[in-house]
Amino acid sequence: MPLFRSQTEKYSFRALFLCLILMIISTAFPIYAKGIALWELLFYIAIFFGLFSLSPKETDFKVNFYIALIAICSFLAYIIFQDDYLFIFTLLVKFLFFTSIAIVFLKKIIETRKVATDTIIGTISIYILVGFSFSILFQIFYHLNTGYIINVDPDASATFFQDPNTFVYFSFITMTTVGYGDILPNFPFARMICILEALFSQIYLTVLTAIIIGKFLSDGRKKQ
């Protein structure tokens, strides 16, 4: 089974990958519009490419289309009303979209028979999508209870956790098991989420690498 059924899906998928890379790079630049970070604005471009990388005939497309529609509407509503509950709801919908798209691509990669450039791009994209998903989850928890995650630096700015980039940073250093120790989960539930993210990272890299190598070797034997 091919990873994509049309050129539109393929190029949209590659554009999504590029957008995800730009989202990571953009966390280095504290550029905001109404408290929204640059990577969060790029997220709505990623929605567009994420949808077009799916076939309109697939059920997954319909599900993600409605999630994307809700995400855009809730974001616009938050920009207008600046309501805290709308903010948390917008974060929740973004989490659902990232997670859903990651699951769709994971299924595609497992089902595809050949290992190609897009397969490798897909595995990297899933990893980045999950990293952003957890960053949004940490952001939700922090806004529900500011004690869930703490900064151990006493000289840090009071607005340290107002920066969405902080949660992206925390998510990816947790995911890669680097753990510099400058930000810590302060409640058992927050620690559990960190453990789950670290476990996912290790299992994902191990299992998916084995699957891709297996497909590559199998394809090589068929050609001989």
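Refer to the structure above for everything that follows.
Just so it is clear, the model here is predicted, and its values are computed rather than measured.

Attention now moves to the overall build of the chain. Of the regular secondary structure elements, the chain holds 7 helices and 4 strands. Element order for the chain, N to C, with α for helix and β for strand: α-β-β-α-α-α-α-β-α-β-α. Buried residues in the chain amount to 46% of all 224 residues. Expressed as a percentage of contacts within the chain between residues at least 6 apart in sequence, the contacts between residues at least 24 apart total 75%. When the accessible surface of the chain is split by element, carbon and sulfur atoms take 70% of a total near 11800 Å².

Its place among the elements puts S26 in helix α1 (residues 7–26). Classification of S26 by relative accessible area gives buried; the value is 3%. If we ignore the near neighbours within four places in the chain, the residues touching S26 are L38, W39 and L42.

The biggest cluster of nonpolar side chains holds 62 residues, and the ones touching the most others in it are M23 and F98. Where this core is concerned, the elements lending two or more residues are α1, β2 (36–37), α2 (38–52), α3 (59–81), α4 (84–111), α5 (117–144), α6 (164–175) and α7 (188–223). Take this core: its biggest share by element is 14 residues, from α5. Excluding anything up to four places from it in sequence, M23 contacts W39, L42, F43, A46, F98 and F132.

The next subject is α3. Over its 23 residues, α3 extends 33 Å from the first C-alpha to the last, a length consistent with the 33 Å expected when each residue adds 1.5 Å. Along α3, the residues classified as buried are F61, N64, I67, A68, A71, S74, F75, A77 and Y78. In the core, the buried residues of α3 are packed alongside β2, α2 and α4. Once α3 finishes, Q82 follows within two positions and takes phi at roughly 50 degrees, a positive value.

Quick look at the packing of α2 against α3 now. Where α2 contacts α3, the axes come no closer than 10 Å and their chain directions differ by 160 degrees. One finds that α2 runs roughly antiparallel with respect to α3. α3 is crossed by α2, and the crossing has left-handed handedness. From α2, L41, Y44, I47 and L51 reach across to α3, where they touch F61, N64, F65, A68, A71, I72 and F75.

Together, F189, M192, I195, L196, L199, I203 and V207 make up a nonpolar patch on the protein surface, roughly 620 Å² of accessible area in all. Structurally, V207 can be placed in helix α7.

Positive phi, close to 50 degrees, is recorded for Q82, a residue that is not glycine. Residue position: Q82 is located in the loop between α3 and α4. You can call Q82 partly exposed: its relative accessible area is 40%. The backbone of T177 shows a phi angle near 60 degrees, a positive value even though the residue is not glycine. In this structure, T177 sits in the loop between α6 and β4 (183–185). By relative accessible area, which is 48% here, T177 ends up partly exposed.

Definitions and limits used
Residue positions are given per chain, counted from 1 along the sequence in the order it is written. Per-residue local features are limited, in this predicted model, to residues with pLDDT of at least 70; the limit for side-chain atom pairs, both in listing and counting, is 80 or more; totals at the level of whole chains, interfaces and linings are taken over all residues. In computing side-chain properties, one takes all heavy atoms of the structure into account and sets aside hydrogens as well as water. Segments assigned H or I by DSSP are reported as helices when at least four residues long, segments assigned E as strands when at least two residues long, and all are numbered from the N terminus. Relative accessibility decides the category of a residue: with a 1.4 Å probe and only protein chains considered, values under 20% of the type maximum give buried, values over 50% give exposed, and everything between is partly exposed. Any two residues having at least one pair of non-hydrogen atoms within 4.5 Å are treated as being in contact. Under the convention used here, a 1.4 Å probe and the Shrake-Rupley method define accessible areas, while residue burial counts only the protein chains that appear. Remark: nonpolar core denotes a set of buried residues (Ala, Val, Leu, Ile, Met, Phe, Trp, Tyr, Cys) joined through side-chain atoms within 4.5 Å. Each residue after the first adds 1.5 Å to the expected span of a helix. Only C-alpha atoms enter the line fits that serve as axes; for helices the fit covers just the stretch in contact. Angles between N-to-C directions range over 0 to 180 degrees. Here is the rule for angles: anything less than 35 degrees is roughly parallel, anything more than 145 is roughly antiparallel, 65 through 115 is roughly perpendicular, and the remaining ranges are oblique. Each helix crossing is assigned a hand: it is left-handed if the near helix lies turned anticlockwise from the far helix by less than a right angle, otherwise right-handed if that turn is clockwise. Patch membership needs two things, relative accessible area over 30% and no salt bridge, and members are linked within 9 Å if like-charged or within 5 Å if nonpolar (Val, Leu, Ile, Met, Phe, Trp, Tyr). What counts as a salt bridge is simple: a side-chain nitrogen of Lys or Arg found within 4 Å of a carboxyl oxygen of Asp or Glu.

Keep in mind these numbers describe shape, not what the thing actually does.
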